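Each chain, written out:
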Amino acid sequence: MKAYPNPNRAKLLSTLMCLLFSGISVAQDVNSFDRKLTYTSPWFVEFADVNGDKILDMVGVNGNSNTNIEIHHGSADGTFTLAKILDGGASGEYYRIFLPEFNGDGVPDILAVSSISGKLYLSSPSGYVEAVIPGNGLFNHFNTLVADFNEDGHDDMFIKNECFINDGTGKFASTDWLQGIAGAVVTDFNNDGHSDIVMAQSANGTIIFFAGHGDGTFDETMVKPVSAQEVIAFDVNADGYTDIVAKGTTHGEVITIFNDATFAFSKTSTLQLGHSYYSVLQIFDIDLDGKADLVTSNDNDIQYRPIQSDGSFGQPLTIPIGMGSLRGMMFKDAIGDAFADLIVMNGFGKMKIFSDKLNASVEFLSKVYDGLPFNACYKTTPVQVNATVTFTNGSVPKDAGAYAVKAVVSDPNYEGEDVGTATITRKVLTVDVADIAIGPGQDLPPYVLSYSGFAGNETAAVLSQPPTATSEVTPESEEGEYIITIAGGSDENYSFVYESGIVSVNIVNGIGDENETISVFPNPAVGRIYVNAPGWSVLQLLDLTGRSLITRGYTSDEISVEQLDAGMYILQVQFDNGTTCRKRVQVK
């Protein structure tokens, strides 16, 4: 028998784990069934990991619609895709699926049954292989049971009144036959640690109790005069003894047979549901308040009644399902999120899974200032999930800074929320200054700043405090190079990186080409230059620092520049009258 943890407790633990380890605060649901998945096939289902990917899969049948047994593989988002169809036989018709582990390979096997047919598929390395169902070929999905009746660690089966013990390889041997033609349940009603069977005998209006010995055999211990179609087992009054709750043959009637320390089941109680039709009878905590509820259906909706401390039932509450003719219901994890889900089946072309929304995580981001509102300030996992974002200051930020923000996942399939900080960091702005060349005693021209890194179309006009450039050059500065430094810039959206420039003070920096009495050709020069300067006495070729490289007396107006590197040079001409002129010469 599988026991499911209280979903409220599981949700609380999940929330605490998220807070401790991921910073994600998962929303606590009031109703854990607000995600709805609807399938038109299959109609009756069971869930297990059949392909070994650690994700729950869905195996189902379609009643009298067709004979197929369908295998739907689950995905990480809790949805299912048809992967394989197994042949159910020419006359097959199935209303219930079991996924036991019969042959010891760790992979679920498939047992499909109805009141007229049954089919068994065992897993194998090559896939599912049809196997023989033991017994006389008679079936009843209401009293087909799977449990370890002989306590050897292998799943056994009880089909149409007969118990079959599994040898661990999927081969079965009959050990006992029990009377009864209606619903049955496996429980331990006498607290001896062995699996017992309680079965309805609707033909004569009785419920029969069979005490198990732990070896696959049973003793009939008592018969109760209760007319019932199906039975379930639950300790409704929480006294430590399992009670029996039966669906009466009179529609709308629920009978509770109370157990006690004598295991005599001497007290009964009858509840009239108030409507003439119901097909579902379960007990579980459907409203997630930590207390079990009696869950039934009135064909179109689910009704539930809180179970009181004395085992009686409270006033009915209704959950709309959105489909009629309910024929089956389960409360178990179907999508792999560790919470129990509500699965309802109507037997006429529709099955729904009502589950807790899957958890999505939210992570807040940072960006470099770009002049735009920070709308995309988060990312979610999975990535396709959207969230609604609220900033503490009420507006979406644009400027650099750290902003308190809350994001709540808004998605039909996912939930989650986070409170944190979205950060816009300042953009790096590089500031440079143009080099300056002057002659001694000349005034400095204005410094020319250039910027690299503005966001969008922004310019220096947006800066709170533009930077300025300075140097130590004065009109009295000697020849040499002086550093231009930049400083003083400030802005909330930009951080500054400053380059430096050079002020070159040199006599050659004052030279221009305005002296038309000197001509040099070719200029630019290759190999040699010719100078035409009437009345010259000495020619000198200088580099830009003023160092003399070549000197010619008044013997030739030709100067060879083959030995010089390409670049700019100064031709200094001294005339007979003692005056001097200079002219720039470029050597290639």
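Predicted, not measured: the structure shown is a model, and the values here were computed from it. (Residues numbered from 1 in each chain as written. Predicted model: local features only at pLDDT ≥ 70, side-chain atom pairs only at ≥ 80, totals over all residues. Heavy atoms only, no water.)

A.B. asks: For this particular structure, what's the right way to read the overall build of the protein?
C.D. replies: Summing up its helical and strand segments, the protein has one helix and 50 strands in all. Taken over C-alpha atoms, the radius of gyration comes to 46 Å for the protein, far larger than the 25 Å a tight globule of 588 residues would show. Counting only C-alpha atoms and orienting by the principal axes, one finds that the protein spans roughly 145 × 50 × 40 Å. Expressed as a percentage of the 588 residues in the protein, the buried residues total 47%. The long-range share in the protein, meaning contacts at least 24 apart out of those at least 6 apart in sequence, stands at 45%. Of the accessible surface of the protein, which amounts to about 27100 Å², a share of 51% is contributed by carbon and sulfur atoms. In the protein, 34 positive and 73 negative side-chain charges are present, and the distance between their average locations comes to 5 Å. (Helix = DSSP H or I, 4+ residues; strand = E, 2+ residues; numbered from the N terminus. Rg over C-alpha atoms; globule rule 2.2 N^0.38 Å. Buried < 20%, exposed > 50% of the residue type's maximum accessible area, 1.4 Å probe, protein only. Contact = heavy atoms within 4.5 Å. Areas by Shrake-Rupley, 256 points an atom, 1.4 Å probe, with all protein chains shown as cover. Lys, Arg positive; Asp, Glu negative; His and termini not counted. Charge placed at Lys NZ, Arg CZ, Asp CG, Glu CD.)

A.B. asks: Even after reading the chapter, I still don't get the side chain of Asn-493, so can you show me in this structure?
C.D. replies: Position of Asn-493 relative to the elements: it lies in the loop between strand E41 (480–487) and strand E42 (494–498). For Asn-493, a relative accessible area of 6% corresponds to the buried category. Contacts of Asn-493, omitting those with residues within four sequence positions, involve Tyr-369, Asp-399, Ala-400, Arg-426 and Lys-427.

A.B. asks: Before we go on, may I ask you to explain the packing of aromatic side chains in this structure?
C.D. replies: Aromatic ring pairs are defined here through the distance separating the ring centres and the angle between the ring planes. Within the structure shown, the criterion is met by 16 aromatic pairs. Geometrically, the ring pair formed by Phe-189 and Phe-265 is edge-to-face, given 5.8 Å between the ring centres and 75° between the ring planes. Taken together, the positions of Phe-189 in the loop between strand E14 (184–187) and strand E15 (196–201) and Phe-265 in the loop between strand E20 (253–258) and strand E21 (267–272) put the pair 76 residues apart, joining distant regions of the chain. Comparing Phe-189 with Phe-265 shows no difference in burial state: the two are buried. Ring pairs connect the aromatic residues Tyr-369, Tyr-451, Phe-454 and Tyr-494, which therefore count as one cluster. (Phe/Tyr/Trp six-rings, centres within 6.5 Å; stacked < 30°, edge-to-face > 60°.)

A.B. asks: Can you walk me through the confidence of the model for the protein in this structure?
C.D. replies: Reading fine detail from the predicted coordinates is not recommended where pLDDT is low. When pLDDT is averaged along the protein, the result is 87, and 93% of the positions lie at 70 or above. The low-confidence segment residues 1–31 (pLDDT under 50) makes 50 contacts with residues lying over four places distant or belonging to another chain. (pLDDT = per-residue confidence, 0-100.)

A.B. asks: I tried to follow the sheet that holds strand E33 (residues 387–391) on my own but got confused; where do I start?
C.D. replies: Paired through their backbone hydrogen bonds, the strands of a sheet run either parallel or antiparallel. Pairing is mixed in the open sheet, where four strands are placed in the order E31-E36-E34-E33. Unpaired on one side and paired on the other, strand E31 (366–368) and E33 mark the two borders of the sheet. For this sheet the average axis-to-axis angle between neighbouring strands, irrespective of direction, equals 30°. Bridging between E31 and strand E36 (residues 417–425) involves three bridges; their strand directions are parallel. For Ser-366, the partnering residue across the bridge sits in E36 and is Thr-423. (Pairing = 2+ DSSP bridges. Axes fitted to C-alpha atoms, helices over the stretch in contact; angles between N-to-C directions.)

A.B. asks: Can you walk me through the sheet that holds E21 in this structure?
C.D. replies: Strand order in the open sheet formed by four strands is E18-E19-E20-E21, and the pairing between neighbours is antiparallel. In the strand order of this sheet, the two ends are held by strand E18 (228–234) and E21, each with one partner. Each adjacent strand pair in this sheet contributes to an overall mean axis angle of 20°, direction not counted.

A.B. asks: Looking at this structure, how should I read unusual backbone geometry?
C.D. replies: Only a minority of non-glycine residues have a phi that is not negative, and only a minority of peptide bonds are not trans. Here Thr-381 and Pro-382 are connected by a cis peptide whose omega angle stands at 5°. For the bond running from Phe-521 to Pro-522, omega is -10°, close enough to zero to count as cis. Here Pro-522 lies in strand E44 (residues 519–526). Unlike most non-glycine residues, Lys-54 shows phi in positive territory, near 65°. Looking at where Lys-54 falls in the secondary structure, it is placed in the loop between strand E2 (44–48) and strand E3 (57–61). Positive phi values are uncommon outside glycine, yet Leu-288 reaches one of about 55°.

A.B. asks: When you look at the pairing of strand E4 (residues 69–74) in this model, what are you seeing that I'm missing?
C.D. replies: Along any regular strand, the residues point their side chains to alternate faces of the sheet. Counting buried positions along E4 yields five of six residues, so the element is predominantly enclosed. In this sheet, E4 lies alongside E3 in antiparallel orientation, the contact comprising four bridges. Looking at E4, one finds that Val-61 is bridged to Ile-69. In this structure, E4 lies alongside strand E5 (residues 80–86), joined through six bridges in antiparallel fashion. By the bridge assignment for E5, Gly-74 is matched with Phe-80. In textbook terms, the turn of a hairpin is the stretch between consecutive antiparallel strands, and for E4 and E5 this stretch comprises five residues, one of which, Gly-78, has a positive phi near 85°.

A.B. asks: Just checking my understanding: could you explain the pairing of strand E1 (residues 35–39) for this structure?
C.D. replies: Only one face of E1 is covered, namely the one carrying Arg-35, Leu-37 and Tyr-39; the face carrying Lys-36 and Thr-38 has none of its residues buried. Of the strand pairs in this sheet, E1 and strand E28 (residues 351–355) are connected by five bridges, and their pairing is antiparallel. If you follow Tyr-39 over to E28, its bridge partner there is Met-351.

A.B. asks: How should I be thinking about the nonpolar core in this particular structure?
C.D. replies: General note: in soluble globular proteins, nonpolar side chains tend to be found buried as a group. Judged by nonpolar contacts, the single largest core of 64 residues is most densely connected at Phe-47, Ile-69, Ile-110, Ile-343 and Ile-353. Beyond its immediate chain neighbours, meaning those up to four positions away, Ile-110 contacts Val-59, Ile-69, Ile-71, Leu-86, Ile-97, Phe-98, Leu-99, Lys-119, Leu-120, Tyr-121 and Tyr-128. Formed by 20 residues, the second largest nonpolar core is a distinct cluster that contains Val-531, Trp-536, Leu-539 and Val-585. (Core = buried A, V, L, I, M, F, W, Y, C linked by side-chain atoms within 4.5 Å.)

A.B. asks: It is not clear to me how the side chain of Asp-333 should be interpreted in this structure. Could you clarify?
C.D. replies: Here Asp-333 lies in the loop between strand E26 (328–332) and strand E27 (341–345). Here Asp-333 is buried and forms no salt bridge, its nearest opposite-charge partner Lys-332 lying at an N-O distance of 9.1 Å. Side-chain polar atoms of Asp-333 contact the backbone nitrogen of Ile-335, separated by 3.3 Å. A distance of 2.9 Å separates the side chain of Asp-333 from the backbone nitrogen of Gly-336, its partner in a polar contact. (Salt bridge = Lys/Arg side-chain N within 4 Å of Asp/Glu carboxyl O. Polar contact = N/O pair within 3.5 Å; in protein donor to acceptor, adjacent residues only side chain to side chain.)

A.B. asks: Explain a negative patch on the surface to me, please; I cannot follow it from the model alone.
C.D. replies: A cluster of acidic residues, Glu-151, Asp-152, Asp-167, Asp-192 and Asp-215, forms a negative patch at the surface. Position of Asp-192 relative to the elements: it lies in the loop between E14 and E15. (Patch = residues over 30% accessible without salt bridge, like charges linked within 9 Å, V, L, I, M, F, W, Y side chains within 5 Å.)

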